[in-house]
Amino acid sequence: MTVAESREFAFARSDFERVRSLIHARAGISLAPAKRDMVYSRLVRRLRALRLDSFGEYLSRLDDPSDPEWEAFTNALTTNLTAFFREPHHFEILAEHLRSQPRGATLRLWCSASSTGEEPYSMAMTAIEAFGRDDPPVRILATDIDTQVLATAERGVYPLERIERLDEARRQRFFRRGTGAMEGYCRVTEPLRRLVSFRPLNLLTEHWPMRGPFEAIFCRNVMIYFDKPTQHLLLARMAPLLTPDGLFFAGHSESFFHAADVVSPCGRTVYRRAKAGN
């Protein structure tokens, strides 16, 4: 029996192509042909939840752009892999950058794909350590298209194994262990929570509510899900939101040679706004 024959619901190639088209138009995500089984496994849960009989019936709901199922559809197809201080060299660079800024002004940072919160809270820890105080002059905007992971991020509660790779000093300073029903979990401390504001945002939406300027934008392991024209479009919108010496942090597998007119490298997967005329 083939995989297709063993499926609970028929999932034709035309269904998959329809999904690819819908998520690309809605969120800019380019699904490779090899993702067909992954798409089935994630969306079949929605068919069961809605008690539908076919993918055709499910996808017809999405003909209406205002249907509330769009939120669940998008949440199901976004990938959220993250960890505290992932790619640690970025946070060392961020700390140095923050310390180099003139005193007095509030420094604004944007985490454009916050997932479950580990990245923006790592930025907050970095800011506290860089300034040596629990109330550094830093504010962090954390956005994500997936409303479910944003809710997790805003709660700031994690299984203890999520922080086991952090050094003891950070675990003691920035997390509180749960007791009773919350044993086995930890919560980020209030100083971290005060520094971060979580907001839903689809990067492909026509109007962004933020105007900048930002001293740093983290957009790591996001562009890999977009095709190159969409990458260029987003970079061209993000770069002007940086201060003149602001930093743009990308993922370890991302490079933007095709957008040299927008951003220029200044470190390992770190960029600045391209100078006029580049």
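Above: the structure in question.
These remarks concern the structure in this document. (Residues numbered from 1 in each chain as written. Predicted model: local features only at pLDDT ≥ 70, side-chain atom pairs only at ≥ 80, totals over all residues. Heavy atoms only, no water.)

Here the focus is the environment of Asp-261. Within the element layout of this structure, Asp-261 appears in the loop between β8 (242–249) and β9 (263–267). Put simply, Asp-261 and Ala-236 are 25 residues apart on the chain and 8.8 Å apart in space, counted from C-alpha to C-alpha. Polar side-chain contacts of Asp-261 include one of 3.0 Å to the side chain of His-232. (Helix = DSSP H or I, 4+ residues; strand = E, 2+ residues; numbered from the N terminus. Polar contact = N/O pair within 3.5 Å; in protein donor to acceptor, adjacent residues only side chain to side chain.)

On to helix α5 (residues 89–99), then. Within α5 the residues assigned to the buried category are His-89, His-90, Phe-91, Leu-94, Ala-95, His-97 and Leu-98. In this fold, the buried residues of α5 make contact with β1 (107–111), α6 (118–131), β7 (214–218), β8 and β10 (270–273). (Buried < 20%, exposed > 50% of the residue type's maximum accessible area, 1.4 Å probe, protein only. Contact = heavy atoms within 4.5 Å.)

As a general point, the strands of a sheet are linked pairwise by backbone hydrogen bonds and lie either parallel or antiparallel. An order of β3-β5-β4 is seen for the 3 strands of this open sheet, with the pairing classed as antiparallel. A single partner strand is all that each edge strand has here, and the edge strands are β3 (157–159) and β4 (175–177). Each strand of the sheet is rotated relative to its neighbour by a mean of 35°, with strand direction disregarded. Across 3 bridges, the pairing between β3 and strand β5 (residues 185–188) is antiparallel. When the bridges of β5 are listed, Tyr-158 appears paired with Cys-186. (Pairing = 2+ DSSP bridges. Axes fitted to C-alpha atoms, helices over the stretch in contact; angles between N-to-C directions.)

This part covers the environment of Phe-198. Inspection of the secondary structure puts Phe-198 in strand β6 (residues 196–200). Judged by relative accessible area, Phe-198 falls into the buried class, the value being 7%. In the structure, Phe-198 is positioned 56 residues away from Ala-142 in sequence and 4.8 Å away in space, judged by C-alpha atoms. Residues contacting Phe-198, with those up to four places away along its chain left out, are Ser-114, Gly-117, Pro-120, Tyr-121, Ala-142, Leu-150, Ala-153 and Glu-154.

What follows is about the packing of aromatic side chains. Taken as a whole, this structure holds 17 aromatic pairs when the rule is applied. With centroids separated by 5.3 Å and ring planes inclined at 80°, the aromatic side chains of Phe-84 and Phe-175 adopt a geometry described as edge-to-face. Within this pair, whereas Phe-84 is found in the loop between α4 (69–77) and α5, its partner Phe-175 is found in strand β4, the two being separated by 91 residues in sequence. Each of the two residues, Phe-84 as well as Phe-175, counts as buried. Where Phe-248 meets Phe-256, the ring centres are 6.2 Å apart and the plane angle is 70°; that geometry is what we call edge-to-face. (Phe/Tyr/Trp six-rings, centres within 6.5 Å; stacked < 30°, edge-to-face > 60°.)

This paragraph deals with the sheet that holds β10. Strand order in the open sheet formed by 7 strands is β6-β2-β1-β7-β8-β10-β9, and the pairing between neighbours is mixed. With partners counted over all chains shown, the strands left at the sheet margins are β6 and β9, one partner each. Neighbouring strand axes in the sheet, compared pairwise and without regard to direction, differ in orientation by 25° on average. Relative to β8, α5 is tilted by about 165°, and along the sheet it contacts β1, β7, β8 and β10. Packing against the sheet, helix α7 (residues 147–155) makes contact with β2 (138–144) and β6, and its axis sits at approximately 165° to β6.

A few words now on the packing of α5 against α6. The geometry of α5 relative to α6 is characterised by a closest axis approach of 9 Å and an angle of 45° between their N-to-C directions. By the angle between their directions, the pair α5 and α6 is classed as oblique. Once α5 is placed against α6, the crossing between them reads as right-handed. Together, Phe-91, Leu-94, Ala-95, Leu-98 and Arg-99 of α5 and Glu-119, Ser-122, Met-123, Thr-126, Ala-127, Ala-130 and Phe-131 of α6 make up the contact between the two elements. In terms of residue class, the contact of α5 with α6 is built from 8 nonpolar, 2 polar and 2 charged. (Parallel < 35°, antiparallel > 145°, perpendicular 65-115°, else oblique. Left-handed = near helix turned anticlockwise from the far one by under 90°. Nonpolar A, V, L, I, M, F, W, Y, C, P; charged D, E, K, R; others polar.)

Enumeration according to the criterion identifies 12 salt bridges in this entry. Here Asp-67 ties to Arg-61 by a salt bridge, and the two come within 3.2 Å at their closest N and O atoms. Put simply, Arg-170 and Glu-129 hold a salt bridge, and the shortest N to O gap is 2.9 Å. Residue Arg-170 is located in helix α8 (residues 168–174), and its partner Glu-129 is located in helix α6; the two are separated by 41 residues in the primary sequence. The class for Glu-129 is partly exposed, based on a relative accessible area of 32%. (Salt bridge = Lys/Arg side-chain N within 4 Å of Asp/Glu carboxyl O.)

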